[in-house]
Amino acid sequence: MLSVIRDLTVKDVRFPTSVEQLGSDAMHTDPDYSAAYVVLETDCNLRGFGLTFTLGKGTEIVVCAVKALAGLVVGKCLREIVSDFRGFYRLLSSDSQMRWLGPEKGVIHLATAAVLNAVWDLWARAEGKPLWKLLVDMDPKQIVSCIDFRYITDALTEEEALEILVKAQEGKQQREHQMLMEGYPAYTTSCAWIGYSDQLLQQLCTDALRSGWTKFKVKVGADLEDDVRRCRLIRETIGPNNTMMIDANQRWDVAEAIEWVSRLAEFKPLWIEEPTSPDDILGHATISKALAPYGIGVATGEQCHNRVMFKQFLQAAALQFVQIDACRLGSVNENLAVLLMAHKFKVPVCPHAGGVGLCELMQHLILFDYICVSVSLSNRMCEFVDHLHEHFTSPVVIQNACYMPPKDPGYSCEMFESSVRRHQFPDGDVWRLDMKK
Ligand SMILES: C[C@H](O)[C@@H](O)[C@@H](O)[C@H](O)C(=O)O
Ligand SMILES: [Mg+2]
């Protein structure tokens, strides 16, 4: 705990996923799953690993932003940071000159998440616990002391947050035990990326059913007739009792979203994800109202850039599923604020994961949510995407379509050095030898 952070390095690591259209959707047709990957060196044997997820081009800009924040971290003692984590979060997110680049949004906020994810990883390693367990074992007061309540006290005060956490202490041990035995329920997005052929969709859904998956997300929004055909195929393959969600990745205007999704209502999706601009809170409220009679909820959050946005979505009843993201929000600190607000507004949290490293990170937060905040699994599940886990030293473990709680100390986002070396952009072997880029 006395360790002093001596150095911060950041690397641009990219995986050529676009070659097979992994991760493709109506707006992001050729993503190369990438990360700005941070390593903190300390004066003892400990290191901290963190990342923020990107889609390829522009990762170099996030890397620059991380470098701009490094001076606020290097030289600090871990104990000094965690004894006033709220203050440290604010130092990073509210530097009086750099805040002009955000505040708390865009590239600078993605960079903040990468740095803070590494600090949380370092803290968990220093305590010898996986991050979820570090959080679960913390006193409610200590959890609350990590959260910046600025701009959200009209929705959730510090006292209310504390009350939620204290109340959830009851039954905590049983829930932790239950998670260790059964894991946290997940859904899969791996079967139905927009660039996949019908044959591949069907094959992947059939395989997934065989492996025990019961909840499937389908990409929509490029072409209505294609969507009708693809949704029918998937509904027929998975049967009437399994769950299907659809995701448009911000493709439509408000009226168009309502019309388009009404046409897909016969396939009984549980939610429509990101129907329109992620910033259009009132638009989402209109869509939510219009689709309620079909029993279709609105889900959003993977590009909801801070707690203040989530606060307004909740206040406006503009979403029915909160999709927190481990890198879009300012790391664990800001995610804690959103988990507590969602609980107060009685809206289930179904996190965004996938990408590269997002599943590894998110499993910790959603375990904490169940054990210490929501105390419910009703209408809740965490996204899973089966790509790129082999590059991590402690990859996620899925059993019976559930995330099994990680056991290794830390936040699970350390990558193998060989993977980092090979995929570093533009000099790693994967990119030097790829003439296409
Ligand atoms: C470009 C990415 O793969 C997105 O399509 C992905 O994050 C997606 O929206 C999801 O919900 O998993
Ligand atoms: Mg999505």
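Residues numbered from 1 in each chain as written. Chains lettered and ligands numbered in written order. Predicted model: local features only at pLDDT ≥ 70, side-chain atom pairs only at ≥ 80, totals over all residues. Heavy atoms only, no water.

If you check an unreviewed UniProt entry, the chain appears there as Mitochondrial enolase superfamily member 1 from Gouania willdenowi. Note on the chain: under the UniProt heading Sequence similarities (unreviewed entry), the record states "Belongs to the mandelate racemase/muconate lactonizing enzyme family. ENOSF1 subfamily." The UniProt entry for the chain carries the following text under Cofactor (unreviewed entry): "Mg(2+)". (UniProt positions renumbered as here; feature names shortened; annotations may be inferred.)

S.K.: I'm lost on the overall build of the chain in this one. Help?
M.R.: The helix and strand tally for the chain stands at 17 helices and twelve strands. Relative to the compact-globule value of 22 Å for 437 residues, the chain shows a C-alpha radius of gyration of 21 Å, a close match. Within the span of the chain, comprising 437 residues, buried residues form 61% of the whole. The long-range fraction of contacts in the chain, counting pairs at least 24 apart against all pairs at least 6 apart in sequence, stands at 75%. Total accessible area on the chain is roughly 17,100 Å²; 51% of this is exposed by carbon and sulfur atoms. (Helix = DSSP H or I, 4+ residues; strand = E, 2+ residues; numbered from the N terminus. Rg over C-alpha atoms; globule rule 2.2 N^0.38 Å. Buried < 20%, exposed > 50% of the residue type's maximum accessible area, 1.4 Å probe, protein only. Contact = heavy atoms within 4.5 Å. Areas by Shrake-Rupley, 256 points an atom, 1.4 Å probe, with all protein chains shown as cover.)

S.K.: I'm lost on helix α14 (residues 331–344) in this one. Help?
M.R.: Since one α-helical turn is 3.6 residues long, residues separated by three or four positions face the same way. For α14, spanning 14 residues, the distance from its first C-alpha to its last is 21 Å, which sits close to the expected 20 Å at 1.5 Å a residue. Buried residues dominate α14, accounting for twelve of its 14 residues. Turning to α14, its buried residues number three or more, namely Ser331, Val332, Asn333, Glu334, Asn335, Leu336, Ala337, Val338, Leu339, Leu340, Met341 and Ala342. Looking at the residues trailing α14, positive phi occurs at Lys346, about 60°. (Expected span 1.5 Å × (residues − 1).)

S.K.: Explain the site of ligand 1 to me, please; I cannot follow it from the model alone.
M.R.: In the region of ligand 1, 14 residues are neighbours, and Asp25, Tyr33, Glu302, His352 and Glu383 sit closest. A distance of 3.0 Å separates an oxygen atom of ligand 1 from a polar side-chain atom of Asp247. Separating an oxygen atom of ligand 1 from a side-chain N or O atom of Glu302 is a distance of 2.7 Å. Contact with the protein chains hides 98% of the accessible area of ligand 1, taken as 320 Å² for the molecule alone. Residue composition of the shell around ligand 1, grouped by class: three nonpolar, four polar and seven charged. (Near = heavy atom within 4 Å. Polar contact = N/O pair within 3.5 Å; in protein donor to acceptor, adjacent residues only side chain to side chain. Nonpolar A, V, L, I, M, F, W, Y, C, P; charged D, E, K, R; others polar.)

S.K.: Would you mind going over the UniProt feature "domain: Mandelate racemase/muconate lactonizing enzyme C-terminal" (unreviewed entry) in the chain with me for this structure?
M.R.: Taken from the UniProt record, the annotation "domain: Mandelate racemase/muconate lactonizing enzyme C-terminal" (unreviewed entry) applies to residues 198–294. Measuring from the first to the last C-alpha atom of residues 198–294 gives 26 Å, for a span that is 52% helix and 15% strand.

S.K.: So what exactly am I meant to see when it comes to the coordination of the magnesium ion (ligand 2) here?
M.R.: Four donors placed tetrahedrally around a metal ideally meet at 109.5 degrees, and six donors placed octahedrally ideally meet at 90 or 180 degrees. Within the protein, the magnesium ion (ligand 2) binds to Asp247 (OD), Glu273 (OE) and Glu302 (OE); these donor distances fall in the range 2.0 to 2.2 Å. Counting residues between consecutive donors of the magnesium ion (ligand 2) along the chain gives the motif D-x25-E-x28-E. Separated by 29 residues along the polypeptide, Glu273 in strand β7 (residues 269–273) and Glu302 in the loop between β8 (297–300) and α13 (307–315) bring together distant segments of the chain. For Glu302, a relative accessible area of 10% corresponds to the buried category. (Donors = N, O, S within 2.8 Å, 3.2 Å for Na, K, Ca; no water.)

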